[in-house]
Amino acid sequence: MEINHIHIDWEGPFSIKDLSKLKDAYKDYGVYQIYGGHPIYGSNVLLYIGKAVDQTFGVRISQEEWEYNIDSENVEIYIGRLSGKTTPNNSKWESEISLAESLLIYSHTPAFNSHNIKSIRDKRLEHVHVFNWMAHRDSMAEVSGLRWKPRKELENYEYYGTHEEDKNQ
């Protein structure tokens, strides 16, 4: 299976009050990160990674009630739009948004996400490689789904010097 490279261009920070600016029906879809206060982890930490597929960023994020965060005046929102040579059809676009969101949640374990944290359930993620560009804040610049596959499940994975051909040299 071919590796699916997903490129995300990040913008931000936006405040809760800025959400009305993120309602462009043609481009305001993708993944987003929420930073703010957490009673255990402290202030200005990654709280949540989400996706906007059927609704724009502004509509989707406003439904989550981040204004009730313990430090709501300092909540920061970063939005990530997928990018590439051409815009794919809606089905592929939505699929890539979902795959990127799942892999980012699994690899970053935000405090308020509960799904996708303990395991990668979607086998397609093994073939996903996410590149985070521009204002990606605390998220890793690159995330590979293969990196999170258990080593025992990798093909041809043995320590150097343990292969039969190594012994014959």
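What counts and how
Residues numbered from 1 in each chain as written. Predicted model: local features only at pLDDT ≥ 70, side-chain atom pairs only at ≥ 80, totals over all residues. Heavy atoms only, no water. Helix = DSSP H or I, 4+ residues; strand = E, 2+ residues; numbered from the N terminus. Contact = heavy atoms within 4.5 Å. Phe/Tyr/Trp six-rings, centres within 6.5 Å; stacked < 30°, edge-to-face > 60°. Buried < 20%, exposed > 50% of the residue type's maximum accessible area, 1.4 Å probe, protein only. Salt bridge = Lys/Arg side-chain N within 4 Å of Asp/Glu carboxyl O. Pairing = 2+ DSSP bridges. Axes fitted to C-alpha atoms, helices over the stretch in contact; angles between N-to-C directions.

## Some words on the side chain of His-129
In this structure, His-129 sits in strand 5 (residues 128–134). What His-129 contacts, discounting residues up to four positions off in sequence, is Ile-3, Asn-4, His-5, Ile-6, Glu-142, Val-143 and Ser-144.

## A short note on the packing of aromatic side chains
The final tally for this structure, using the stated rule, is 7 aromatic pairs. Between Tyr-32 and Phe-57 the ring centres are 6.4 Å apart and the planes differ by 85°, which places this aromatic pair in the edge-to-face class. Note that Tyr-32 is positioned in strand 2 (residues 30–38) and Phe-57 in helix 1 (residues 57–62), a separation of 25 residues in sequence. Phe-57 matches Tyr-32 in its accessibility class, with the two residues each being buried.

## Considering the pattern of salt bridges
In the structure shown here, the tally under the stated rule is 8 salt bridges. As a salt-bridge pair, Glu-11 and Arg-81 come within 2.2 Å of each other at their nearest N and O atoms. Highlighted residues: Glu-11 in strand 1 (residues 4–14) and Arg-81 in strand 4 (residues 76–83), separated in sequence by 70 residues. Exposure remark for Glu-11: the relative accessible area of 32% places this residue in the partly exposed category. Notably, a salt bridge pairs Glu-96 with Lys-92, separated by 2.8 Å at the nearest N-O pair. Here Glu-96 and its partner Lys-92 are both found in helix 2 (residues 90–108), 4 residues apart, which amounts to about one turn of the helix. The class for Glu-96 is buried, based on a relative accessible area of 12%.

## Focus on the sheet that holds strand 4
In space, the 6 strands of this open sheet follow the order 3-2-4-1-5-6, with mixed pairing throughout. Only two strands of the sheet have a single partner each, and these edge strands are strand 3 (42–52) and strand 6 (142–144). Direction aside, the axes of adjacent strands within the sheet are offset by 25° on average. Judged from the 6 bridges that link them, strand 1 and strand 4 form a sheet pairing that is antiparallel. Bridging from a neighbouring strand, Ile-8 pairs with Leu-82 of strand 4. Where helix 2 meets the sheet, it contacts strand 1, strand 2, strand 3, strand 4, strand 5 and strand 6, and its direction lies at approximately 155° from that of strand 3.

## Some thoughts on the pairing of strand 2
In terms of burial, strand 2 is largely enclosed, as 9 of its 9 residues are buried. In this sheet, strand 3 lies alongside strand 2 in antiparallel orientation, the contact comprising 8 bridges. By the bridge assignment, Gly-36 is partnered in strand 3 with Val-45. Taking the residues that link successive antiparallel strands as the turn, the strand 2-strand 3 hairpin has 3 residues. Where strand 2 meets strand 4, 5 bridges bridge the pair, whose relative direction is antiparallel. For Gln-33, the partnering residue across the bridge sits in strand 4 and is Tyr-78.

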